[in-house]
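What follows is the residue order along each chain.
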Amino acid sequence: SSDTNVPCSPVCSGCNPLALTGRSKLQNERASLNQQIIRQMRMRAGAENLLRATSNNKVCDMVVLELSYINSNLQLLMEQLEGLNINGVSLKRRLFKTDFILEHYSEDGSSFEEEIADLMDLRQACRTPSRNDAGIETLAKYFSHIPLLESRFFSATRQMGIFFTWYDSFTGVPVCQQNVSLEKASILFNIGALYTQIGTRCNRQTGSGLQDAITAFQKAAGVLHHLKETFTHTPSFDMSPSMLSMLIKMMLAQAQECLFEKIALSGIRNEFFSLLKMAHEAAKVGDTYDQVHQSMSQTPIKDNVPFFWSTVAQVKTHHYRSLAHYFLATALLDHQLRPSDDEDQQEKALSQAYDAMPDGRSPLDILRKREERRRIGKAHLRRAVIGHEEGLRIHSLCRHLRKLDVLQAILQASHNRSLAKFNDNDREDEFTDYMEAPDIVSKTEHKAEMETPMATKVKVTDFFRRLGPLSVFSAKQRWTAPRTVRLRLEDRDLGFTLRGDPAPVQVTSLDPLCPAAVDGLKEGDYIVAVGDADCKWMVVSEVMRLLKDVDEDGIDIRVVSLMDSGLPMPTKSATYCGGISKTYSMICLAFDDDKSPKGRKVTKKGSFLSWGVKNHLKSSSTLSLPTADYSGTLPWNKPCPTFPSSSSYNDSALY
């Protein structure tokens, strides 16, 4: 407020601080619902075990009754969780804490308070990005900083005790790992999610708004595709290959729908070739949504995707396929072949509308005979009416869709239009016309394509640039604390030579008897300061310029030495799912040690929690969540049910 003296904290561009309260509340509700779901599923597993173990009829009746209550509660909880997820791909939360400057570089971290504050401000802004290009830029900027932070502070041979926590967008299950790749993948997922939200907020009543929506959806598909191809064996279900494939199809379907709307925005001419073109375009949109619906119907996606989503995909499939039949019927019924028309062009266009001509008729016969045109046109209108009715029926089954009055009005208006045209061309004496119109070939002149946005490759300045060139001062090495060495001239000779272009400058050819060596200078030391001048980024010529005027009293330099990293420690990844914490080594055994017979050769398997660039010579794993089944005969890499599975009642369903 302008009339108060309370100082305001700075807010990063692209950040919406007012959104924090609502989103935090939403995530708290998700966490609470998941805890209740876990409790109910444990009760269900126990009741089913008791049901299998007892032979007492009275006990069986009581258990069956209890199971019915548990299943009802589970259904209600799942509906509540679905209600929290229907507003789009939710942005994730994360918890990230770091201060390892002392650990890696033996330097006082308090001298980097300003850099750490800038990093934390950027991360805080990423929690509530605004739904526009500025929000995308904020996420992309942080995404570009993560590889720099990883190179600075995260070693491949040692775990630093930092846990990254994210929440699954669909199940709400928390996933916690020490691997920084989880942070990178989750930020990338959020960039794709933010593009989808930008696409849905565009004004689709204008050409520019439709083009913006098309671009946003295509960029969302490109980001998700990049995530799928780059990161493998993800512990989060929403980033599993199967889920990402479905999301990519959904983004491209929405982009294709916007392309159709852009073509129809200026109006559809009631002309033969124009109507056939719109029939093909509408059929294309219907087919893309049908692919989305088929993908959503596959296990395990169907158990976690909101029913609202799959219903919309199904409704749009019927709607656009019905529109295709209406356009083709209109072309046949309203436009007779005239002497001035190009007969060959119309014959070619009609033949390309079908994979097989109706009733084996030739395109030219249909065009020349008025009765054939009317008969086939009516068959297409009949399919259009039936398709619209099916779309309205499916729409009425979803309580969320029933609240969308605009969608229902569009579906009803399209149905009424097709039905009115069918009645106009119907005759009372036609009782035996049961011709089935064939499917219309789907094709488009403007196919939606994935677009990799350049926003994911933002050029940034390293927050911790003062630590020195990343090629040398990285997490791969450990350094001693800076030491002060006094340099004195002896016969105009310092007792060593320097090399370093590019920076930093390194001591070589050290005379072990020179004053500098006696004072503690070592072969291979890096010079980080000369006097009061920081020289981590200086080349040899610049450092020599500082040393050339050394007087008899000498000058102090500060140097650091590379420390022996010692034996590498085994890398571990910890995953926290469903309230139960487990730690797995990156090298997992194929069988339980206690159940393996002595002398059996144990096969080592790569952990499904590992990350890395996808090897295109190998098939990607679709396993996304760990299993809690410790059966001695079950390999660690065996696919397990995802959470929550309606067909599995063992402990593995809790994860």
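Residues numbered from 1 in each chain as written. Predicted model: local features only at pLDDT ≥ 70, side-chain atom pairs only at ≥ 80, totals over all residues. Heavy atoms only, no water.

The protein goes by Rhophilin, Rho GTPase binding protein 2 in an unreviewed UniProt entry, where it is assigned to Oncorhynchus mykiss.

Caption draft 1: Looking closely at the side chain of Glu-372. With respect to the element layout, Glu-372 can be found in helix α13 (residues 370-397). According to the relative accessible area criterion, Glu-372 is buried, its value standing at 15%. (Helix = DSSP H or I, 4+ residues; strand = E, 2+ residues; numbered from the N terminus. Buried < 20%, exposed > 50% of the residue type's maximum accessible area, 1.4 Å probe, protein only.)

Caption draft 2: Layout of the side chain of Gln-40. Its location among the elements puts Gln-40 in helix α1 (residues 19-53). The class for Gln-40 is buried, based on a relative accessible area of 14%. Filtering out sequence-adjacent residues up to four positions away, Gln-40 remains in contact with Ile-70, Asn-73, Leu-74 and Leu-77. (Contact = heavy atoms within 4.5 Å.)

Caption draft 3: Spotlight on the nonpolar core. Among the nonpolar cores identified, the biggest contains 115 residues, and Phe-153, Ile-191, Leu-247, Phe-327 and Phe-464 are the most heavily contacted of them. The element that contributes the greatest number of residues to this core is helix α10 (residues 307-334), accounting for 15 residues. Apart from the residues within four sequence positions on either side, Phe-464 is in contact with Ile-101, Phe-112, Glu-115, Ile-116, Leu-119, Leu-149, Arg-152 and Phe-153. Core analysis: the second largest hydrophobic core is formed by 21 residues, Leu-521, Val-530, Leu-547 and Ile-557 among them. (Core = buried A, V, L, I, M, F, W, Y, C linked by side-chain atoms within 4.5 Å.)

Caption draft 4: Fine view of the packing of aromatic side chains. Inspection of every chain in the model, using the stated rule, returns ten aromatic pairs. Aromatic side chains Phe-473 and Tyr-526 sit 6.2 Å apart centroid to centroid with 65° between the ring planes, which places their arrangement in the edge-to-face category. On the criterion of sequence distance, the pair formed by Phe-473 in the loop between α14 (405-424) and β3 (478-479) and Tyr-526 in strand β7 (residues 526-530) is long-range, its members being 53 residues apart. Three or more aromatic residues joined by ring pairs make a cluster, and in this case those are Phe-112, Phe-153 and Phe-464. In this structure, Arg-417 packs its charged tip against the face of Tyr-326, placed 4.5 Å from the ring centre. The lysine or arginine in question, Arg-466, covers the ring of Phe-112, its NZ or CZ lying 4.1 Å from the ring centre. (Phe/Tyr/Trp six-rings, centres within 6.5 Å; stacked < 30°, edge-to-face > 60°. Lys NZ or Arg CZ within 6 Å of the ring centre and 35° of its normal.)

Caption draft 5: Summary view of unusual backbone geometry. Residue Pro-300 follows Thr-299 across a cis peptide bond; omega there is 5°. With respect to the helices and strands, Pro-300 occurs in the loop between α9 (272-296) and α10. Note the cis peptide between Asp-501 and Pro-502, where omega equals 15°. Along the chain, the position of Pro-502 falls in the loop between β5 (497-499) and β6 (505-508).

Caption draft 6: Quick look at helix α4 (residues 113-127). The end-to-end C-alpha separation of α4 is 21 Å, in line with the 21 Å expected for 15 residues at 1.5 Å each. Residues of α4 that are buried include every one of Glu-115, Ile-116, Leu-119, Leu-122, Arg-123, Ala-125 and Cys-126, and no others. Taken together, the buried residues of α4 touch α5 (133-153). (Expected span 1.5 Å × (residues − 1).)

Caption draft 7: Examining the packing of helix α8 (residues 241-265) against α10 more closely. With their axes 13 Å apart at the nearest point, α8 and α10 run at an angle of 35° to one another. The chirality of how α8 crosses α10 is left-handed. From α8, Leu-247, Met-250, Glu-257, Phe-260 and Glu-261 reach across to α10, where they touch Trp-309, Lys-316, Tyr-320, Leu-323 and Phe-327. When grouped by side-chain class, the residues that make up the contact of α8 with α10 number seven nonpolar, no polar and three charged. (Axes fitted to C-alpha atoms, helices over the stretch in contact; angles between N-to-C directions. Left-handed = near helix turned anticlockwise from the far one by under 90°. Nonpolar A, V, L, I, M, F, W, Y, C, P; charged D, E, K, R; others polar.)

Caption draft 8: How the structure looks around the pairing of strand β1 (residues 164-167). Bridge analysis of β1 against strand β2 (residues 174-177) gives four bridges, and the strand direction is antiparallel. In the sheet register, Tyr-167 faces β2, and the bridge partner there is Pro-174. Taking the residues between adjacent antiparallel strands as the criterion, β1 and β2 are bridged by six residues, where Gly-172 takes a positive phi near 75°. (Pairing = 2+ DSSP bridges.)

Caption draft 9: A look at the environment of Phe-464. With respect to the helices and strands, Phe-464 occurs in the loop between α14 and β3. Sequence separation between Phe-464 and Arg-152 is 312 residues, and the spatial gap between their C-alpha atoms is 8.2 Å.

Caption draft 10: A look at the confidence of the model for the protein. With 77% of its residues at a pLDDT of at least 70, the protein reaches an overall mean of 78. pLDDT under 50 marks residues 86-97. Its contacts with residues more than four places away, or in other chains, come to 58 contacts. (pLDDT = per-residue confidence, 0-100.)

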